[in-house]
Amino acid sequence: FSEDDVLRLRQEFLLWAPLGGEGCVEPRGVAKLLGKLFPGSTTRKDEHDRAKRLFQEAVAGSKGEMRFSEFLLLMRLHRDDKERARLEKELLAVEASGFSRAETREFRAIFRGGLSQPEGHTMT
């Protein structure tokens, strides 16, 4: 994370940590925090299992409490997990489309606004 990210995340952590962020988030607060980070975890088993897996990875060996360093790790794991899911979804879409790598790159450029027209050519 960048320094700005860490400052923003510390502010968020302070909302959940009763001792001004120097202590830890208590188990009840952890449950609420996980519900906020993983909104589907309260209604879908797969999302609940995902939240539980990431929490256990970030906070191994605790009694359900979370320190700031563990919160940072959880946020990194959460971000990485979301990115991995996005990439998997994109890969499935590419495979289903049957487009070549070059065609896929061109479509990515179009949808990300990075395609420029060669000089002398205009779209009609």
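Everything discussed here concerns the structure shown above.
Residues numbered from 1 in each chain as written. Predicted model: local features only at pLDDT ≥ 70, side-chain atom pairs only at ≥ 80, totals over all residues. Heavy atoms only, no water.

Engineer: How should the packing of helix α2 (residues 27-37) against helix α4 (residues 68-97) be read in this particular structure?
Structural biologist: How two helices pack is summed up by the angle between their axes together with the distance between the axes. For the pair α2 and α4, the least separation of the axes is 12 Å and the interaxial angle reads 25 degrees. Between α2 and α4, the crossing angle belongs to the class labelled roughly parallel. Here α2 runs over α4; the crossing is right-handed. Every residue of α4 that contacts α2 at Leu33, Leu34 and Leu37 is listed here: Phe71, Leu74, Met75 and His78. (Axes fitted to C-alpha atoms, helices over the stretch in contact; angles between N-to-C directions. Helix = DSSP H or I, 4+ residues; strand = E, 2+ residues; numbered from the N terminus. Parallel < 35°, antiparallel > 145°, perpendicular 65-115°, else oblique. Left-handed = near helix turned anticlockwise from the far one by under 90°. Contact = heavy atoms within 4.5 Å.)

Engineer: What is the right way to look at the side chain of serine 41 in this model?
Structural biologist: Checked against the element boundaries, serine 41 lands in the loop between α2 and α3 (45-58). In this structure the side chain of serine 41 is engaged in a polar contact, spanning 2.6 Å, whose partner is the backbone oxygen of phenylalanine 38. (Polar contact = N/O pair within 3.5 Å; in protein donor to acceptor, adjacent residues only side chain to side chain.)

Engineer: How should I be thinking about the packing of aromatic side chains in this particular structure?
Structural biologist: The relation between two aromatic rings is expressed through the spacing of the ring centres and the mutual angle of the planes. Within this structure, the stated rule accounts for three aromatic pairs. With a centroid separation of 5.4 Å and an interplanar angle of 45 degrees, the aromatic rings of phenylalanine 13 and phenylalanine 71 are classed as tilted. Of the two residues, phenylalanine 13 sits in helix α1 (residues 3-16) while phenylalanine 71 sits in helix α4, which places them 58 residues apart along the sequence. Taking the relative accessible area as the measure of exposure, phenylalanine 13 reaches 0% and is therefore buried. (Phe/Tyr/Trp six-rings, centres within 6.5 Å; stacked < 30°, edge-to-face > 60°. Buried < 20%, exposed > 50% of the residue type's maximum accessible area, 1.4 Å probe, protein only.)

Engineer: How should the packing of α1 against α4 be read in this particular structure?
Structural biologist: Interaxial distance between α1 and α4 falls to 10 Å at its minimum, and their mutual angle equals 115 degrees. By the criterion of interaxial angle, the relationship of α1 to α4 is roughly perpendicular. Classified by chirality, the crossing of α4 by α1 is right-handed. Mapping the contact onto sequence places Asp5, Val6, Arg8, Leu9, Arg10, Glu12 and Phe13 in α1 and Phe68, Phe71, Leu72, Met75 and Arg79 in α4. Residue classes in the contact of α1 with α4 are distributed as seven nonpolar, no polar and five charged. (Nonpolar A, V, L, I, M, F, W, Y, C, P; charged D, E, K, R; others polar.)

Remember, this is a structural readout, not a statement about activity or role.
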